[in-house]
Amino acid sequence: TEDSYLLSHSSQGGKEGNEAARTWSNNGDGEGTNYLGLQLMLIRDMLSGRKEWTRYIEALYDLSTGSARTPANATRWQEGVR
């Protein structure tokens, strides 16, 4: 995957009560948070020694809490998921 953006796409998206699809994937409609893709990009950077995605993600999220640093940062990430 080199340094590609990783998107977890869920075919289960859009179903009521499917919180896992909304959290870990794009929810099938681009409205999920794709945290699986985010985590995999961090792991890939760690294993490869690259830091491009780690720097980008750290600018948007506090990695110790998992919270977006600002609402605008959460929106920026979401735009990438869409």
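As shown above, the structure is provided for reference.
Just so it is clear, the model here is predicted, and its values are computed rather than measured.

A few words now on the environment of Gly-28. By the secondary structure assignment, Gly-28 is in the loop between α1 (19–24) and α2 (35–48). With a relative accessible area of 38%, Gly-28 lands in the partly exposed category. Here the alpha-carbon distance between Gly-28 and Gln-12, two residues 16 residues apart in the chain, equals 6.8 Å.

Another point: the pattern of salt bridges. One side chain can pair with another of opposite charge once the charged atoms of both are near each other. Applying the stated criterion across every chain yields a total of 3 salt bridges. In this structure, Glu-2 and Arg-50 form a salt bridge, with 3.7 Å as the shortest nitrogen-oxygen distance. Here Glu-2, found in the segment before α1, pairs with Arg-50, found in the loop between α2 and α3 (52–60); they are 48 residues apart in sequence, far enough to count as distant. Classification of Glu-2 by relative accessible area gives exposed; the value is 61%. Glu-31 is the salt-bridge partner of Arg-82, the closest N and O atoms lying 3.0 Å from each other. With a gap of 51 residues between them, Arg-82 in the segment after α4 (71–81) and Glu-31 in the loop between α1 and α2 connect regions that are remote in the sequence. On the basis of relative accessible area, Glu-31 is assigned to the partly exposed category, the value being 42%.

Conventions we followed
- Residues numbered from 1 in each chain as written.
- Predicted model: local features only at pLDDT ≥ 70, side-chain atom pairs only at ≥ 80, totals over all residues.
- Heavy atoms only, no water.
- Helix = DSSP H or I, 4+ residues; strand = E, 2+ residues; numbered from the N terminus.
- Buried < 20%, exposed > 50% of the residue type's maximum accessible area, 1.4 Å probe, protein only.
- Salt bridge = Lys/Arg side-chain N within 4 Å of Asp/Glu carboxyl O.

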